[in-house]
Amino acid sequence: MDETLNILVVDDDDIDRMAVTRALTKAQVTFRAIEAKTGEAAIAHLKQAQFDCIFLDYRLPDYEGLELIRKIHALKQHAPLVVLTGQGDEQIAVDVMKAGATDYLSKSRISSVTLEKVLQNAIRVSQAEVLVEMANQKIRESNELLRKQNQELELQRQQIQLQNLKLIEASQLKSQFLATMSHEIRTPMNVIIGFSQLLLRPGQENLTHYQRNMLEKIFSNGKHLLELLNDVLDLSKLEAGRMEMKPDCFDVSQAIHATVNEVRSLAAQKHLSIDVQVELDNLEVLHDVHRFRQVLVNLLSNAVKFTDEGGVAIEVQEIASDVIEIAVRDTGIGIAPEHTQRIFEAFRQVDQSTTRRYPGTGLGLAIIKALVQAMQGEIVVESVLGKGSVFRFRLPRRYGVVQS
Ligand code: ADP
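Remember, predicted model here, so these are calculated numbers, not experimental data. Throughout this description, residue numbers start from 1 for each chain and increase along the sequence as written. The predicted nature of this model means local features are confined to residues of pLDDT at least 70 and side-chain atom pairs, given and counted, to a pLDDT of 80 or more, with totals for whole chains, interfaces and linings taken over all residues. Excluding hydrogens and water, the side-chain values take into account all heavy atoms of the structure.

Caption draft 1: Quick peek at the nonpolar core. Only buried residues count toward a nonpolar core, which is a set of Ala, Val, Leu, Ile, Met, Phe, Trp, Tyr and Cys residues joined through side-chain atoms within 4.5 Å. Working definition: with a 1.4 Å probe on protein chains only, accessible area under 20% of the residue-type maximum means buried, over 50% means exposed, and in between means partly exposed. By size, the foremost hydrophobic cluster in this structure holds 46 residues, and its most contacted members are F292, L299, F391 and F393. Runs of E in the DSSP output that reach at least two residues are strands. Runs of H or I that reach at least four are helices, and both are numbered from the N terminus. Of all the elements in the fold, those that place two or more residues in this core are α6 (209-239), α7 (252-269), α8 (289-305), β9 (311-320), β10 (323-330), α9 (364-374), β11 (378-384) and β12 (388-396). Per-element accounting of this core gives the leading share, eight residues, to α8. Contact definition: two residues touch when any of their heavy atoms are within 4.5 Å. Dropping the residues within four chain positions of it, F393 is found in contact with F292, V295, L296, L299, I324, E325, I326, V372, E378 and I379.

Caption draft 2: Representation of the environment of N6 within the structure. Turning to its location among the elements, N6 is positioned in strand β1 (residues 5-10). Residue classification places N6 among the buried residues on the basis of a relative accessible area of 15%. Placed 47 residues apart in sequence, N6 and C53 show a C-alpha to C-alpha distance of 6.9 Å. Every residue in contact with N6, bar those within four places of it in the chain, is listed here: R32, Q50, F51, D52 and C53.

Caption draft 3: Representation of empty space enclosed by the protein. Residues are said to line a cavity or pocket when one of their atoms sits within 4 Å of a point; the points come from a 1 Å grid over protein atoms alone, cavities being sets where a 1.4 Å probe fits but cannot get out and pockets being open sets with protein on both sides within 12 Å along at least five of seven lines. Grid points are joined across faces, edges and corners, and a volume is the space filled by probe spheres set on the points. Enumeration according to the criterion identifies one cavity of 30 Å³ or more in this entry. Considered as a void within the structure, the largest cavity measures approximately 40 Å³ in volume. Lining the largest cavity are V252, V285, H287, F292, I324, I326, L395 and P396. Those elements that place two or more of their residues in the lining of the largest cavity are β8 (284-287), β10 and β12. Residues are grouped as follows: Ala, Val, Leu, Ile, Met, Phe, Trp, Tyr, Cys and Pro are nonpolar; Asp, Glu, Lys and Arg are charged; all remaining types, including Gly, are polar. Its residues placed into classes, the lining of the largest cavity shows seven nonpolar, one polar and no charged.

Caption draft 4: Summary view of the site of the ligand. For the ligand, the set of nearby residues contains 20 residues, the closest of which are N302, K305, D330, Q349 and L365. Contact distances for the ligand include 2.9 Å between an oxygen atom and a side-chain N or O atom of K305. Contacts described as polar in this section are N or O atom pairs within 3.5 Å, which, within protein, must combine one atom able to donate a hydrogen with one able to accept it, while residues neighboring in sequence count only if both atoms come from side chains. Residue G364 places a main-chain N or O atom 3.3 Å away from an oxygen atom belonging to the ligand. Calculation of accessible area relied on Shrake-Rupley with a 1.4 Å probe; when residues are assessed, cover is drawn exclusively from the protein chains displayed. Protein contacts shield 95% of the accessible area of the ligand, which totals 530 Å² for the unbound molecule. At the level of elements, α8, α9 and β12 are the ones that each hand at least two residues to the shell around the ligand. Taken together, the residues of the shell around the ligand break down into nine nonpolar, eight polar and three charged. Only a single heavy atom is needed: when it lies within 4 Å of a molecule or strand, its residue is near that molecule or strand.

Caption draft 5: Fine view of the packing of α6 against α9. Two elements in contact, α6 and α9, have axes whose closest approach is 10 Å; the angle formed by their N-to-C orientations is 45 degrees. Taken together, the axes of α6 and α9 lie oblique to each other. Remark: the crossing between α6 and α9 carries left-handed chirality. Of α9, the residues touching α6 (which contributes D231, D234, L235 and L238) are A366, I367, A370, L371 and A374. Inter-axis angles, ranging from 0 to 180 degrees, are taken between N-to-C directions of lines fitted to C-alpha atoms, where helices are fitted over the stretch in contact. By definition in this entry, angles of less than 35 degrees are roughly parallel, angles greater than 145 are roughly antiparallel, angles of 65 to 115 are roughly perpendicular, and the rest are oblique. Each crossing is labelled by how the near helix is turned from the far one, with a counterclockwise turn of less than a right angle marking it left-handed and a clockwise turn marking it right-handed.

Caption draft 6: Fine view of the pairing of β1. Across the six residues that make up β1, a large majority, six, are buried. Here β1 shows a buried face lined by L5, I7 and V9 and a second buried face lined by N6, L8 and V10. Bridging between β1 and strand β2 (residues 31-36) involves six bridges; their strand directions are parallel. In the strand pairing of β2, N6 is matched with R32. The parallel pair β1 and β2, bridged by helix α1 (residues 14-26), forms a crossover whose chirality is right-handed. Between any two strands, at least two bridges found by DSSP are needed for them to pair. Of the strand pairs in this sheet, β1 and strand β3 (residues 53-57) are connected by four bridges, and their pairing is parallel. Bridge pairing in β3 links L8 to I54. Whether a crossover is right-handed comes down to one check: with the strands pointing away from the viewer, does the path from the first strand over the helix to the second run clockwise; if it does, it is right-handed.

Caption draft 7: Geometry of the sheet that holds strand β7 (residues 273-279). What the five strands build is an open sheet, ordered β7-β9-β10-β12-β11; its pairing is mixed. Each edge of the open sheet is held by one strand with a lone partner, namely β7 and β11. Averaged over neighbouring strand pairs, the angle between their axes works out to 15 degrees when direction is ignored.

Caption draft 8: Inspection of the pattern of salt bridges at higher detail. A side-chain nitrogen of Lys or Arg and a carboxyl oxygen of Asp or Glu constitute a salt bridge if their distance falls within 4 Å. Within the structure shown, the criterion is met by 19 salt bridges. Residue E154 is joined to R157 by a salt bridge in which the shortest nitrogen-to-oxygen separation is 3.1 Å. Taken together, the positions of E154 and R157, both in helix α5 (residues 112-199) and three residues apart, correspond to about one turn of that helix. The partly exposed category is assigned to E154, whose relative accessible area is 34%. Note on R157: relative accessible area 43%, which makes it partly exposed. Between K174 and E239 there is a salt bridge, with the nearest N and O atoms lying 3.7 Å from each other. Taken together, the residues K174 in helix α5 and E239 in helix α6 connect sequence positions 65 residues apart. Residue E239 is classed as partly exposed on the basis of its relative accessible area of 45%. What emerges from the salt-bridge pattern is a single network uniting E325, E378, E382, R392 and R394.

Caption draft 9: How the structure looks around the packing of aromatic side chains. Between 30 and 60 degrees the pair is tilted, below 30 it is stacked and above 60 it is edge-to-face, where a pair is any two Phe, Tyr or Trp rings, Trp via its six-membered ring, whose centres lie within 6.5 Å. Evaluation of the coordinates by the stated rule reveals three aromatic pairs. Each ring, one from F250 and one from F292, has its centre 5.4 Å from the other, and the planes form 55 degrees; the classification is tilted. Here F250 is found in strand β6 (residues 248-251), whereas its partner F292 is found in helix α8, with 42 residues between them in sequence. On the numbers, 5.9 Å between centres and 55 degrees between planes, the contact of F292 with F393 is tilted. In this pair, F292 is assigned in helix α8 and F393 in strand β12, connecting sequence segments 101 residues apart. Just as F292 is buried, F393 falls in that class too. Members of the aromatic cluster, connected to one another through ring pairs, are F250, F292 and F393.

So, to be careful, I would describe these as geometric facts and stop short of saying anything about function.
Here you go:
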């Protein structure tokens, strides 16, 4: 130890105090000793200065030993405390240590060697205690910080949960609103379509060319509007899980050819070919044929809509036992990888601008996906931008039969 140690020697006996300081002088310790004869005087010194070690006589006239140790501790003095015990006081050592003393030494053993050893040991223990206390303090602080962060996270979690509930409620209200509105608009729409159809019947010669032209526009736009309304209604039914399936046995090849015929004229207008390839031994499936054709017609319409050159191909095969895959392949504009999942969300289109080249509402694929799922199947897409896309939907051969 090369620095000067501040040492407080507390003993009412002059000889004993001297014995301590003399022993310290002989030891290899550089120190400055402050002496106190009473407990009160010791406390007064401790309140004024920091010490590196305190040697404390257990028996003082004004204080009981344990009480004084506790009082020194209460002063938050970090100096190591070595209690000097008299003859016959050895048994109190345990109590002294429990009360917070760093060490104890019988006065009969005071010598330069023992004192230096005790002093060094006490200082080391005390420094270790200070380090432990600092580490504990750090742990307490980081615990407190963690507790606060946890509290904040919990608060955020609760807010997000609340927000989620609100979103779910808003989404349910939106679906409800869409369902009600489309249902309500459908009735007058059917009347408009019905009456324009009635007026367009053959034999209505009293219509001028201009009037007939106008009526045809009313009729075709009315039908288009009705299709949109039906899409919205379907989606809200599917979202609410209220879409009812009416499964029936049908010939899948026939259903596909009939559906292809619906879009053939559209494809012909763009000079696109449509090929159908059915590689099935057993053509019979059990599904809601109307919904099956709805999925296919939507995929085919998209394939034709987004293809300017080449053609569309439909390939049907049994990819696993009683699992049928219908692939609709086109040579169209393709879809970039970052869009392939999002296009299945309602109202989502790769081109969301109002000036987009291809018309549409962005509902088709959302309905298709929900319908395929309602039919216990799945739909996936593979696409290369600028080359074309393949939409594959897979269905169990028989609706309602659980797959193993
Ligand atoms: P809509 O066709 O009414 O825009 P869909 O839900 O049917 O809505 O399709 C969503 C989007 O997915 C389309 O706007 C288009 O960007 C993309 N898409 C769908 N099918 C194809 C396809 N065969 N080729 C390229 N893009 C497609």
